[in-house]
Amino acid sequence: MIITIDGPVATGKSTVAKRVAERLKFTYFDTGAMYRCFTAYLLKLGITLDSVKRLEEALESFTFDVQSLDGEKRYIVDGEDVSTRIRSVEVTEF
């Protein structure tokens with residue numbers, strides 16, 4: 001079963017989703033982090049949004065993994081832990 005929650009930024013969606021997942025003993029998956037991982041990957045490759053061909057190629061080669069370390073989610077792109085970077089201003093403003 002998959003449950004999704006949509007709505008405006010900063011309205012508590014993640015907080016509610018985490019609590020619902022915990023209560024139902026489901027896995028919480030942060031799709032926003034996934035999108036941020038792809039953004040960090042694009043920045044690393046120097047790809048801009050105006051190059052559709054390069055964006056498609058990047059999507060083909062993109063590898064993404066979520067690991068748990070001491071109860072904390074770690075986001076791995078191309079073997080590199082980008083957990084801190086995906087919350088940076090650079091990624092947010094891309």
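Let us look at the structure shown here.

Reading guide: rules and limits
Along each chain, residues carry numbers from 1 onward, in the same order as the chain's sequence is written. Local features are withheld for residues below a pLDDT of 70 in this predicted model, meaning they are given only at 70 or higher, and side-chain atom pairs are given and counted only at 80 or more; totals for whole chains, interfaces and linings count all residues. As a convention, hydrogens and water are excluded, and side-chain values are obtained from all of the structure's heavy atoms. To get an axis, a line is fitted to the C-alpha atoms, and for a helix only the part in contact is used. The angle between two axes follows their N-to-C directions and goes from 0 to 180 degrees. Helix and strand assignments follow DSSP, with helices taken as H or I runs no shorter than four residues and strands as E runs no shorter than two, numbered in order from the N terminus. Each helix crossing is assigned a hand: it is left-handed if the near helix lies turned anticlockwise from the far helix by less than a right angle, otherwise right-handed if that turn is clockwise. The contact rule is simple, with two residues in contact once any of their heavy atoms fall within 4.5 Å. Three categories are distinguished: nonpolar for Ala, Val, Leu, Ile, Met, Phe, Trp, Tyr, Cys and Pro, charged for Asp, Glu, Lys and Arg, and polar for the others, with Gly belonging to the last. Only strands that DSSP links by at least two bridges are regarded as paired with each other. Definition used for salt bridges: Asp or Glu carboxyl oxygen within 4 Å of a side-chain nitrogen of Lys or Arg. Exposure classes here rest on a 1.4 Å probe applied to the protein chains alone. A residue is buried below 20% of its type maximum, exposed above 50%, and partly exposed in between.

## Observations concerning the packing of helix 2 (residues 31-45) against helix 3 (residues 52-61)
It is the contact of helix 2 with helix 3, at a shortest axis distance of 11 Å, that shows an interaxial angle of 120°. As helix 2 runs across helix 3, the sense of the crossing is right-handed. Contacts from Phe38, Tyr41, Leu42 and Leu45 in helix 2 reach Arg54, Leu55, Ala58, Leu59 and Ser61 in helix 3. Of the residues belonging to the contact of helix 2 with helix 3, the class tally is seven nonpolar, one polar and one charged.

## Describing the environment of Thr31
Tracing the backbone shows Thr31 in helix 2. Each C-alpha atom of the pair Thr31 and Thr4 lies 9.7 Å from the other, and the pair is 27 residues apart in sequence.

## A word on the sheet that holds strand 2 (residues 72-77)
Taken in spatial order, the three strands make up an open sheet running 1-2-3, and their pairing is antiparallel. Looking at which strands have only one partner, the edges of the open sheet turn out to be strand 1 (64-69) and strand 3 (80-81). With two bridges connecting them, strand 2 and strand 3 associate as antiparallel partners. Across the sheet, residue Val77 finds its bridge partner in strand 3, namely Glu80.

## Notes on the pattern of salt bridges
Taken as a whole and judged by the stated rule, the model has six salt bridges. For Glu72, the salt bridge identified is with Arg74, shortest N-O distance 2.6 Å. Judged by relative accessible area, Arg74 falls into the buried class, the value being 18%. Residues Arg74 and Asp81 are paired through a salt bridge, measuring 3.0 Å at the closest nitrogen-oxygen approach. By relative accessible area, Asp81 is classed as partly exposed at 38%. A single network of salt bridges, built from pairs that share partners, joins Glu72, Arg74 and Asp81.

## A short note on the pairing of strand 1
Inspection of the sheet shows strand 1 paired to strand 2 by six bridges, in the antiparallel sense. Bridge pairing links Asp65 to Ile76 in strand 2. In this antiparallel pair of consecutive strands, strand 1 and strand 2, the connection spans two residues, and Asp70 shows a positive phi of 55°.

None of the figures reported here should be taken as evidence of function without further support.
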